[in-house]
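Per-entry structural report
This is what each chain is made of:
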Amino acid sequence: MPYEYDDQNIFAKILRREIPNNTVMETDYTLAFHDINPAAPDHILVIPKGFYVNYDHFAAEATDAEVVDFTRVIGAISHAIKATPASGGNGYRLITNAGHDGVQDVPHMHMHIIAGRRLGRMIQPA
Ligand code: AMP
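Residues numbered from 1 in each chain as written. Predicted model: local features only at pLDDT ≥ 70, side-chain atom pairs only at ≥ 80, totals over all residues. Heavy atoms only, no water.

The subject of this paragraph is the site of the ligand. Near the ligand, the surroundings consist of 16 residues, among which Asp 35, Asn 97, Asp 105, His 110 and His 112 are the closest. For the ligand, an oxygen atom lies 2.5 Å from a polar atom in the side chain of Asp 35. With respect to the ligand, the side chain of Asn 97 contributes an N or O atom lying 2.8 Å from an oxygen atom. When isolated, the ligand has an accessible area of 510 Å², and the protein chains bury 83% of it. (Near = heavy atom within 4 Å. Polar contact = N/O pair within 3.5 Å; in protein donor to acceptor, adjacent residues only side chain to side chain. Areas by Shrake-Rupley, 256 points an atom, 1.4 Å probe, with all protein chains shown as cover.)

Shown next as structure tokens:
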């Protein structure tokens, strides 16, 4: 079943500038902004500007330029927030949720960059 993109989701409204965001970085293909409800001192959301529902949709249908740009923006932000272990940072976690079991709230593809404190084990017991 092909994905249907709901253009009334909150990130679509952010991309249309209908609601504000606290931008961290923007390129032709990608927008990164602070999460409104941060789970750690650094919590940034990275979204493609294209209309993809989740990661597998993005992986299947995004152009090479979109995929490369998205990946580079995540790398650049992890450096900018001084989280990269190679530069002496304490590390970070990337999370992308999809669908019901992934507990995805906003149906526009996004990657969470979370850092700034020790995050604990990856999956909490159910
Ligand atoms: P997910 O559960 O992976 O879909 O995560 C959605 C994330 O979007 C949550 O961490 C929310 O705090 C965040 N969020 C929702 N609305 C906004 C907004 N207007 N600006 C920034 N972050 C938002």
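Having seen it, we continue.
For the rest of this paragraph, the subject is the pairing of strand E2 (residues 30–34). For E2, a buried count of four out of five residues is recorded, marking the element as mostly surrounded by other parts of the structure. Sheet analysis places strand E1 (residues 23–26) next to E2, joined by three bridges and oriented antiparallel. By the bridge assignment for E2, Thr 23 is matched with Phe 33. In textbook terms, the turn of a hairpin is the stretch between consecutive antiparallel strands, and for E1 and E2 this stretch comprises three residues. (Buried < 20%, exposed > 50% of the residue type's maximum accessible area, 1.4 Å probe, protein only. Helix = DSSP H or I, 4+ residues; strand = E, 2+ residues; numbered from the N terminus. Pairing = 2+ DSSP bridges.)

Now for the sheet that holds strand E3 (residues 42–48). Backbone-to-backbone hydrogen bonds pair the strands of a sheet. The strands run either parallel or antiparallel. Across the sheet, five strands lie side by side as E1-E2-E3-E5-E4; this open sheet has antiparallel pairing. Lying at the two open borders of the sheet, with one neighbouring strand each, are E1 and strand E4 (92–95). Across the sheet, the axes of successive neighbouring strands diverge by a mean angle of 20°, strand direction being ignored. One ladder, built from five bridges, connects E2 with E3; its direction is antiparallel. Residue Phe 33 lies in a different strand from E3, and its bridge partner there is Leu 45. The strands that helix H3 (residues 64–80) touches are E1, E2, E3, E4 and strand E5 (111–115); relative to E3, the one it contacts most, it runs at about 165°. (Axes fitted to C-alpha atoms, helices over the stretch in contact; angles between N-to-C directions. Contact = heavy atoms within 4.5 Å.)

In short, the description is geometric, and any link to function would need to be established separately.
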